[in-house]
Amino acid sequence: MAEEDRQQHDGLFHRIWRSVFRGPVIPGNDRDRRWVVFNTLLLHFRPTQVPERTLRYTHTFGLGGMSLVLVLLLFATGILMMFVYQPSPAAAYDSVTSLQEDVLFGRLVRNTHHWSANFLVGIALLHLLRVYLTGGYHTPRQFNWVVGLVLLLFILVGNFTGYLLPWDQLSYWAITISTAMLAYVPRVGERLQQLARGGPEISSATLIGFYTLHTTVVPAVLIAVSALHFWRVRKARGVVIPRRPDEAVEDKPVSVLFLPNLLTREVAAACALVAVVVLVSVLCNAPLGAEANPGMSPNPAKAPWYFLGFQELLLHFHPVIAVVLIPLALAVFFAALPYIRYRENLSGVWMMSAVGRRAGIAAVVTGFVVTPVLIVADELRPAPVDLSSGLSGILPVVAVLAVIAVFVFVLQRRLALPKEETVQALVILMLAAMVVLTVVGVWFRGAGMSLAWPWEIGG
Ligand code: HEM
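Structural notes, computed from the coordinates. Predicted model, so just to flag it, every value in this text is computed and none were measured.

Secondary-structure assignment places Tyr 85 in the loop between helix H5 (63-82) and helix H6 (92-102). Classification of Tyr 85 by relative accessible area gives buried; the value is 13%. In this structure the C-alpha to C-alpha distance between Tyr 85 and Thr 97, which are twelve residues apart in sequence, comes to 9.7 Å. Each residue touching Tyr 85, except ones within four places of it in the same chain, is listed here: Ala 92, Ser 95, Val 96, Leu 165, Leu 207 and Tyr 211. Of note is the side chain of Tyr 85, whose polar atom sits 2.6 Å from the backbone oxygen of Leu 165.

Shown next as structure tokens:
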């Protein structure tokens, strides 16, 4: 029977199926049809054509797509673990050890979940950096930048809520330390801390709360907000097109078909990423310490690595500055970046201009050199160091503001930097400083959070 005749005799279900997934009757042999069917379904999500210049791998490094692949890996492995995991202090730890030891591929599934989550934090941050440095936040992508920041926030919430679930010493005390930071928020700190913990201490209420957020709220928000993110990318006609500073924005860029040009690249990159994550998961186990013991704190007790930059700040600044003012100022500053008045639409221009690039390099060098110097200087300054009072609390703030002022002054004198490039240099300086603070927090803080060499810290 011809395809047209068959369609006429199909029942209601087949007609709906055909109209949703297959589109119109397609002439040609079976192989051609399969391609077009595939194409038709896919084209509901992806564009038919993409600008040729955006295909170059080094333009986006595929970081947004990689983030999506990791989110999907997290969903798949997370669902598998939910068949075994039990969210109660009495059973959580045993259910994790039994997952690792008694369930076929249980350890691999847990490792893959762990590494995907950690890679996602790093890759989403690199994606943010790429978008920023290629001016991907200018009109018409301003709102999508803010949507991306919301995604980043929920990636962190997902990581943080998942951290407690194994209920081992590491997770118990990391969450104790991190939620204790909330108490520093003026006036509402205590209440915020109680809200996060579901009571005054980390308890079964905390575990149930974190489990619910981790397995329902965070995934639901990630799905909804990612959908919004991708829709905005499509509305902006794909990713920003790379161009030189003296080149105008192209109205009708040379384009190529999405299939096979972009799709094959995306599938290849996704396969390579999954292979790397699985390889790391086979070679390196996700950490699992002894079962949580609320009566015995490890020394040092550290927050999860992505919060260690802020824990490091706590050692130098007044707690309100470290835990409230700096994170709040960073959030407002990053959300406001697309809405600053720029001299022109700089989308697609790598680091705005040649002078912007030079200032960016100066910012990285300054951040990497000055931050460790300030950390060591603060450590060596004469005791007593009571950060919550008088000069002790103000001195580090003055030192940091002085560094920023000198940095901007020198850039102005040497490079006559325009306002936009100055803001960019400051963003890079802040990110470089945050990297150093995190590295110091992870590898150079030993017992009592004192400075030490990594090989002296052990364990
Ligand atoms: C789960 C996390 C995220 C996923 C899955 C994701 C995914 C993507 C994808 C697939 C693209 C297009 C291709 C590419 O640029 O590689 C994209 C573009 C974009 N993303 Fe994200 N992203 C995430 C987080 C973020 C974050 C944290 C930001 C920054 C605040 C951000 C801001 C943007 C913007 C502004 C664009 C358009 C940029 C351009 O046109 O060049 N995204 N994202």
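Of all hydrophobic cores here, the largest spans 62 residues; its most connected members are Tyr 132, Trp 145, Trp 167 and Leu 337. Split by domain, this core shows at least three residues from each of two domains, domain 2 (57-310) and domain 3 (351-459). Setting aside chain neighbours within four positions, we find Trp 145 in contact with Leu 128, Val 131, Tyr 132, Tyr 137, Phe 334, Ala 335, Leu 337 and Pro 338. Counting residues in hydrophobic clusters, the runner-up holds twelve residues, among them Ala 303, Leu 313, Val 436 and Val 440.

Every buried residue of helix H10 (residues 189-197) is listed here: Gly 189, Gln 193 and Arg 197. Projected down its long axis, H10 shows its buried positions confined to an angular sector of 65°, all on one face. Opposite the buried face of H10, by more than 90 degrees, sit the exposed residues Arg 191 and Leu 195. Of the residues flanking the end of H10, it is Gly 198, one or two places downstream, whose phi is positive at about 70°.

This part covers the packing of aromatic side chains. Taken as a whole and judged by the stated rule, the model has 16 aromatic pairs. A ring pair is formed by Tyr 132 and Tyr 137, whose centres lie 5.1 Å apart and whose planes are at 15°; its orientation type is stacked. Across the pair, Tyr 137 and Tyr 132 agree in class, each one buried. Connected via pairs of aromatic rings, a cluster forms that spans Phe 160, Phe 210, Trp 305, Tyr 306 and Phe 307.

Glancing now at the site of the ligand. As a structural note, the neighbourhood of the ligand is formed by 24 residues, with His 127, Arg 130, Arg 141, His 229 and Val 240 the closest of them. The contact in question runs from an oxygen atom of the ligand to an N or O atom on the side chain of Arg 130, over 2.5 Å. Between the ligand and Arg 141 there is a distance of 2.8 Å, counted from an oxygen atom to a side-chain nitrogen or oxygen. For the shell around the ligand, the secondary structure elements donating two or more residues are H5, helix H7 (106-133), helix H8 (142-164) and helix H11 (204-235). Among the elements that take part in the shell around the ligand, H8 stands out by supplying six residues, more than any other.

Calculation criteria
- The residue count restarts for each chain, going from 1 along the sequence in the order it is written.
- In keeping with the model being predicted, local features are shown solely for residues with a pLDDT of at least 70 and side-chain atom pairs are shown and tallied solely at 80 or more, while totals for entire chains, interfaces and linings include all residues.
- Values reported for side chains reflect all heavy atoms of the structure, with hydrogen atoms and water molecules removed beforehand.
- Strands are runs of DSSP state E lasting at least two residues, helices are runs of H or I lasting at least four, and both sets are numbered from the N terminus onward.
- For each residue, the accessible area found with a 1.4 Å probe, counting protein chains only, is set against the maximum for its type, and the residue is called buried under 20%, exposed over 50%, and partly exposed in between.
- Should any heavy atoms of two residues lie within 4.5 Å, those residues are counted as being in contact.
- Pairs of N or O atoms within 3.5 Å make up the polar contacts considered here, provided that, within protein, one atom can donate a hydrogen while the other can accept it, and that residues adjacent in sequence are counted only when both atoms are side-chain atoms.
- As used in this record, nonpolar core signifies buried Ala, Val, Leu, Ile, Met, Phe, Trp, Tyr and Cys residues forming a set joined through side-chain atoms within 4.5 Å.
- Residue ranges labeled as domains rest on an automatic or database domain assignment.
- Arc, as used here, means the arc of the directions from the helix axis to the C-beta atoms.
- Ring pairs are drawn from Phe, Tyr and Trp, using the six-membered ring of Trp, whenever the two centres fall within 6.5 Å, and their geometry is named by plane angle: stacked under 30 degrees, edge-to-face over 60, tilted for the rest.
- When at least one non-hydrogen atom of a residue lies within 4 Å of a molecule or strand, that residue is treated as near it.

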